[in-house]
Number of protein chains: 2
Amino acid sequence: MTDRIVTGVFDVKFRRSERLVDMTHYLLEKPRILVPLSFFADRYQSAKSSISEDLTIIKETFEKRGIGTLQTVPGAAGGVKFISRTDRAEAKEAISELCTLMENPDRLLPGGYLYMTDLIGSPQVVSKVGKLLATAFADREIDTIMTVATKGIPIAMATAAYLNVPVVIVRNDSKVTEGPTVSINYVSGSQKRIQTMVLSKRSLREGANVLIVDDFMKAGGTINGMINLLKEFDASVSGIGVLVESEDTKERLVDDYVSLVKLRDVDVRSQQIKVVEGNYFSKVSLFGGD
Amino acid sequence: MTDRIVTGVFDVKFRRSERLVDMTHYLLEKPRILVPLSFFADRYQSAKSSISEDLTIIKETFEKRGIGTLQTVPGAAGGVKFISRTDRAEAKEAISELCTLMENPDRLLPGGYLYMTDLIGSPQVVSKVGKLLATAFADREIDTIMTVATKGIPIAMATAAYLNVPVVIVRNDSKVTEGPTVSINYVSGSQKRIQTMVLSKRSLREGANVLIVDDFMKAGGTINGMINLLKEFDASVSGIGVLVESEDTKERLVDDYVSLVKLRDVDVRSQQIKVVEGNYFSKVSLFGGD
């Protein structure tokens, strides 16, 4: 009899452990999707009260460890939703790491350009950038993320993974596989060159709320182009987020944006690159102390 | 006294719960990175024996739920590594879902082309595709994933996130921000047109093992181009994975590849698209029964 009770206790303990691991994975994979408690109750053949307790543990751990939070929606159609959120400490660390990575003088290219392709192609870097941008715009209404080919794409996809919204990609040329397109001309801010940007007509619905994301902003000509392109779709801008803004510009065409880092100065002669925090901490309210 | 013991038990239980949630998140975020047991022991101020027990629970749950597995490396320099792996049931479901999504006649474009941009821009779809491709090549030695702009990028990034390797992006034109480049000409297989592909010289080290990933393969001209480009870097091909292969081709320039789905037939007149399983299940050995 004692044996049976002991087995019973282990069994219950094992099931809670298993549930916690599986629920954590499940919620992390499906950010911002409302999961009914009954879904988990069925999945583990457990009482809703046990599931509730599990969710409390997960929520507390997520908040304590800077993973994010769980939002509970009460009622019959209710459930739980995972919201990814960087806390202040993690954001400070990630942005300071980005600054260090970018200040490496090996990045200097002829003309004072910076090589960033390796950062854009690193899943660990891009995932952190995506989490930071997703946190910045967590409270905005966003239906779609828009970016421009090529280097904006990894950042947009990473942000989209945390916000769980689709990405649309603006291109410089139209492709037969995109169907009918809308195109506009825009003036690239720093070089004053007229360029074309094209978006597949069916990729964006009219009236959508759009977060614009890009890797680099100098005068903001490309981003301004995307804002104008959105007007053709009667869509509105929910926010603008960039990985790097460059300080080296006379007039900025875009005012309200969030940048993770700021390229302060590139000295080709002494091979020095100065990269500092962007406006992230002044624009984004974060959990966790200063 | 009894009270204290009870509190103690709850305390231990809470700490295990918290550890399980946080470790699950930690391991999922850092696939294929060796995490020493001492790291977790320090992080939670817990004995290594408790951490070992936690890891056993996580491993069993990951395997049971088709999340992946944990590899244990014994010894002083040892630790644990998360390997993401789709099981057969999940793969069957994901690929069948992809077939259904692609057979939607709304995708038909003039000339019999298929609109797939929405799938490529969906974080949920792309993440499943990435997990399937990462599983297919889990046992190969891979230093880098290579793809071609534009539509290959989201798939490559998603695969890279699971394999935790960087992505390099081949382009049709060279950009000033890429530094010195290597370029080759190639013949696009289906249209017999000569095109150029360009890769930044510093993006790929000599002798690297490269997994080639793309969204669509017809005759394989583009992929064949990437294989030739790799030769210029003395790099070798670890594998080739595509989301869609098209059956409509006379000669295939590439033999050894993994495809998730196969475009069997597009009938523009009757507005019918036929999409079936690719060669995935014949090429990839999966856990879980048939």
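Fair warning: this is a prediction, and the values are worked out from it, not measured in the lab.

J.: Explain the overall build of chain A here, please?
T.: Broken down by element type, chain A carries nine helices and ten strands. For the C-alpha atoms alone, the extent of chain A along its principal axes is close to 85 × 50 × 30 Å. Burial status across chain A gives 55% buried among its 290 residues. Long-range contacts, defined as pairs at least 24 residues apart, comprise 62% of the intrachain contacts of chain A with a sequence gap of at least 6.

J.: I keep staring at the relation of the copies chain B and chain A and nothing clicks. Help me out?
T.: A rotation about some axis, followed by a shift along it, carries one copy of the chain onto the other. When chain B is fitted to chain A, the best match, at an RMSD of 0.0 Å, comes from turning it 180° and sliding it 0.0 Å along the axis. Taken together, the rotation and translation describe the operation of a two-fold axis. It is Val-21 of chain B whose C-alpha, among those of chain B, lies nearest the rotation axis, at 3.0 Å.

J.: When you look at the UniProt feature "domain: Bacterial purine repressor N-terminal" (unreviewed entry) in chain A in this model, what are you seeing that I'm missing?
T.: The feature "domain: Bacterial purine repressor N-terminal" (unreviewed entry), as annotated in UniProt, sits at residues 15–83 of chain A in this numbering. Within the segment residues 15–83 of chain A, helix and strand shares are 58% and 16% respectively, and the terminal C-alpha atoms sit 25 Å apart.

J.: When you look at the interface of chain B and chain A in this model, what are you seeing that I'm missing?
T.: Accessible area lost upon the coming together of the parts is a frequently used measure of interface size. Taken together, the contact pairs 58 residues of chain B with 58 residues of chain A. Of the roughly 5000 Å² buried at the junction of chain B and chain A (both faces included), carbon and sulfur atoms supply 60%. Here Arg-65 of chain A ties to Glu-18 of chain B by a salt bridge, and the two come within 3.3 Å at their closest N and O atoms. On inspection of chain B and its partner chain A, the count reaches 19 residue pairs in polar contact (both at pLDDT 80 or more). Contributing elements (two or more residues each) for the side of chain B that touches chain A: helix 1 (2–29), helix 2 (37–44), helix 3 (48–64), helix 5 (117–120), helix 6 (123–136), helix 7 (152–163) and strand 4 (167–170) of chain B. When residues in the side of chain B that touches chain A are grouped by element, the largest group, ten residues, is from helix 1 of chain B. Per-class residue counts for the side of chain B that touches chain A are 31 nonpolar, 13 polar and 14 charged.

J.: Got a minute to help me understand the nonpolar core in this structure?
T.: Burial of nonpolar side chains together is a common tendency in soluble globular proteins. If you look at the biggest cluster of nonpolar residues, it comprises 92 residues, and the most contacted ones within it are Tyr-280 of chain A together with Tyr-280 of chain B. Every residue in contact with Tyr-280 of chain A, bar those within four places of it in the chain, is listed here: Ala-91, Ile-95, Leu-132, Thr-135, Ala-136, Val-258, Ser-259, Leu-260 and Leu-286 of chain A. Counting 39 residues, the second largest nonpolar core, distinct from the first, contains Val-21 of chain A together with Val-35, Phe-40 and Leu-55 of chain B.

J.: Just to check I follow, could you spell out empty space enclosed by the protein for this structure?
T.: Take a probe with the size of a water molecule and roll it over the atoms, and the empty space left behind shows itself. Applying the stated criterion across every chain, the model contains four cavities of 30 Å³ or more. In this structure, the largest cavity occupies an estimated 70 Å³ of space. At the level of elements, strand 4 (167–170) of chain A together with helix 5 of chain B are the ones that each hand at least two residues to the lining of the largest cavity. Per-element tally for the lining of the largest cavity: the top contributor is strand 4 of chain A, with three residues. Each residue belonging to the lining of the largest cavity can be placed in one class, and the counts come to four nonpolar, three polar and three charged. Here the second largest cavity defines a volume of roughly 50 Å³. Lining the second largest cavity are Ala-94, Glu-97, Leu-98, Leu-101, Val-125, Lys-128, Val-129 and Leu-132 of chain A. Taken together, the elements giving at least two residues each to the lining of the second largest cavity come down to helix 4 (88–102) and helix 6 (123–136) of chain A. For the lining of the second largest cavity, the class distribution of residues is six nonpolar, no polar and two charged.

Quick notes on the rules
- Residues numbered from 1 in each chain as written.
- Chains lettered and ligands numbered in written order.
- Predicted model: local features only at pLDDT ≥ 70, side-chain atom pairs only at ≥ 80, totals over all residues.
- Heavy atoms only, no water.
- Helix = DSSP H or I, 4+ residues; strand = E, 2+ residues; numbered from the N terminus.
- Buried < 20%, exposed > 50% of the residue type's maximum accessible area, 1.4 Å probe, protein only.
- Contact = heavy atoms within 4.5 Å.
- Least-squares fit on C-alpha atoms with pLDDT ≥ 70 in both.
- UniProt positions renumbered as here; feature names shortened; annotations may be inferred.
- Buried area = accessible area lost by both parts, 1.4 Å probe.
- Salt bridge = Lys/Arg side-chain N within 4 Å of Asp/Glu carboxyl O.
- Polar contact = N/O pair within 3.5 Å; in protein donor to acceptor, adjacent residues only side chain to side chain.
- Nonpolar A, V, L, I, M, F, W, Y, C, P; charged D, E, K, R; others polar.
- Core = buried A, V, L, I, M, F, W, Y, C linked by side-chain atoms within 4.5 Å.
- 1 Å grid on protein atoms, 1.4 Å probe; cavity = no way out; pocket = protein on both sides within 12 Å on 5 of 7 lines; lining within 4 Å.
- Points joined across faces, edges and corners; volume = space filled by probe spheres on them.

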